[in-house]
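These are the residues of each chain, in order.
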Amino acid sequence: MSEIEHFMPLLMQREEEGALAPLMSHGRVHFLWIKYSNLYLVATTLKNANASLVYSFLYKTVEVFSEYFKELEEESIRDNFVIVYELLDELMDFGFPQTTDSKILQEYITQQGNKLETGKSRVPPTVTNAVSWRSEGIKYKKNEVFIDVIESINLLVNANGSVLLSEIVGTIKLKVFLSGMPELRLGLNDRVLFELTGLSGSKNKSVELEDVKFHQCVRLSRFDNDRTISFIPPDGDFELMSYRLSTQVKPLIWIESVIEKFSHSRVEIMVKAKGQFKKQSVANSVEISVPVPSDADSPRFKTSVGSAKYMPEKNVVIWSIKSFPGGKEYLMRAHFGLPSVEKEEVEGRPPIGVKFEIPYFTVSGIQVRYMKIIEKSGYQALPWVRYITQSGDYQLRTS
């Protein structure tokens, strides 16, 4: 138990040396750690353990604690240490992950930890069922499934306007309000499936998914055999799958910027933003963060749309545009005073960052073709689908 005392000094030492790594060793003990807000979650092992399993478990622990305490921070650990102990007891046994589904855990580890009645068998049968992520006997008056297809775009453009990195990271999230033990089948316009079933052709647009990762409820053998995504879903919210596409994406919001310095006393920045997506789509809550010199002062702004705000603590100007239709072009001009003392041009210029969200639209062209819901009682259920494209790590370098 005392081994953990070596962790913080080792971390500090590595940080000073600039050799910080997610895995550190002290003697025979290996520390695998993650940082979440102001907390370190550390796993220790003497063996050559499966590192990806350990990290998955640490992130899952964060997920479970966040579900219980809403905010996971030092204070919530101090206030709930009894529940933390109980949860850790269920999450892992003898170094093996056990029940990590927060919805099932909430059935028998309640926030009123001290009100547990002794003598009762605490563990619900779900934990030992073949379907350990869904309880039996769930009933809803209205049976519905909400499907969200969310795609984030990671983009890096260099100062010459060439795209250095572009990828789409997609997730399919479900909100399930279904009675009983339903069997769900999800159909996507997956290229491999289209080729298997002879649907591929110029009429049917298909998407080649890479790095597909599923929730534990999906029957992987079915997917490997015939690309069918079939599963008995957990109740409520969960992430069904994630995927990646390393296709060349045309930047959806293109930024050009010109910076002019006048006799070391003032600087003028002009930024042009252009929506390079379909005219019928609209980007919402657009935020363009433009870096400014750290010694700039007395800002003045002029925008053709939206509003600009100077944030001196981050050395950026945030240009906010509530709704940005496709094909439109907008301008922002910013004037700053500079101190008369000339500062050496040593600081590198950070890139311009863009945040946005475009509803009813996916860049990859992925589509939910069908969602079949089969339950032995034979009820009719409604599936609802929503598509959203948003910015991930979206940066454009400036010259």
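Residues numbered from 1 in each chain as written. Predicted model: local features only at pLDDT ≥ 70, side-chain atom pairs only at ≥ 80, totals over all residues. Heavy atoms only, no water.

An unreviewed UniProt entry annotates the chain as AP-1 complex subunit mu-2 of Balaenoptera musculus. Taken directly from UniProt, the Sequence similarities (unreviewed entry) text for the chain runs: "Belongs to the adaptor complexes medium subunit family." Per UniProt, the comment on the chain under Subunit (unreviewed entry) is "Adaptor protein complex 1 (AP-1) is a heterotetramer composed of two large adaptins (gamma-type subunit AP1G1 and beta-type subunit AP1B1), a medium adaptin (mu-type subunit AP1M1 or AP1M2) and a small adaptin (sigma-type subunit AP1S1 or AP1S2 or AP1S3). Interacts with P2X4." (UniProt positions renumbered as here; feature names shortened; annotations may be inferred.)

*Asks:* Kindly report on the pairing of strand S16 (residues 307-311), identifying the contributing residues and their values.
*Replies:* Each regular strand displays side chains that alternate between the two surfaces of the sheet. As paired elements, S16 and strand S17 (residues 316-325) share 5 bridges and run antiparallel to each other. The residue bridging Met311 from the neighbouring strand is Val316, located in S17. Hairpin remark: S16 followed by S17, antiparallel, with 4 residues in the connecting loop; positive phi at Asn315, about 55°. (Pairing = 2+ DSSP bridges. Helix = DSSP H or I, 4+ residues; strand = E, 2+ residues; numbered from the N terminus.)

*Asks:* How would you summarise the sheet that holds strand S13 (residues 266-275) if you had to cite specific residues and measurements?
*Replies:* As summarised here, the arrangement of the 4 strands in space is S12-S13-S18-S15, forming an open sheet in which the pairing is antiparallel. Looking at the sheet topology across the chains shown, the edges are occupied by strand S12 (253-262) and strand S15 (297-303). The average undirected angle you get between the axes of adjacent strands in this sheet is 15°. Pairing between S15 and strand S18 (residues 329-337): 5 bridges, direction antiparallel. The partner of Lys302 across the bridge, within S18, is Arg333. (Axes fitted to C-alpha atoms, helices over the stretch in contact; angles between N-to-C directions.)

*Asks:* I'd like to hear about the environment of Gln380, residue by residue, with values.
*Replies:* Summarising the element assignment, Gln380 is placed in the loop between strand S20 (368-374) and strand S21 (382-396). Residue classification places Gln380 among the exposed positions, given a relative accessible area of 74%. Counting along the chain gives 236 residues from Gln380 to Glu144, while the straight-line C-alpha distance between them is 9.0 Å. (Buried < 20%, exposed > 50% of the residue type's maximum accessible area, 1.4 Å probe, protein only.)

*Asks:* An account of the side chain of Ser76 is needed here, citing residue identities and associated values.
*Replies:* Looking at the element boundaries, Ser76 is found in helix H3 (residues 74-79). Leave out the neighbours within four places in its chain, and Ser76 touches Phe69 and Glu71. (Contact = heavy atoms within 4.5 Å.)

*Asks:* I'd like a description of the packing of helix H2 (residues 51-69) against helix H4 (residues 81-91), backed by residues and values.
*Replies:* Remark: H2 packs on H4, axes separated minimally by 12 Å, with the N-to-C direction vectors making an angle of 140°. Between H2 and H4, the angle is such that the two are oblique. The chirality of how H2 crosses H4 is right-handed. Along its contact with H2, which presents Phe57, Thr61, Val64, Phe65, Tyr68 and Phe69, the element H4 presents Ile83, Val84, Leu87, Leu88 and Leu91. Taken together, the residues of the contact of H2 with H4 break down into 10 nonpolar, 1 polar and no charged. (Parallel < 35°, antiparallel > 145°, perpendicular 65-115°, else oblique. Left-handed = near helix turned anticlockwise from the far one by under 90°. Nonpolar A, V, L, I, M, F, W, Y, C, P; charged D, E, K, R; others polar.)

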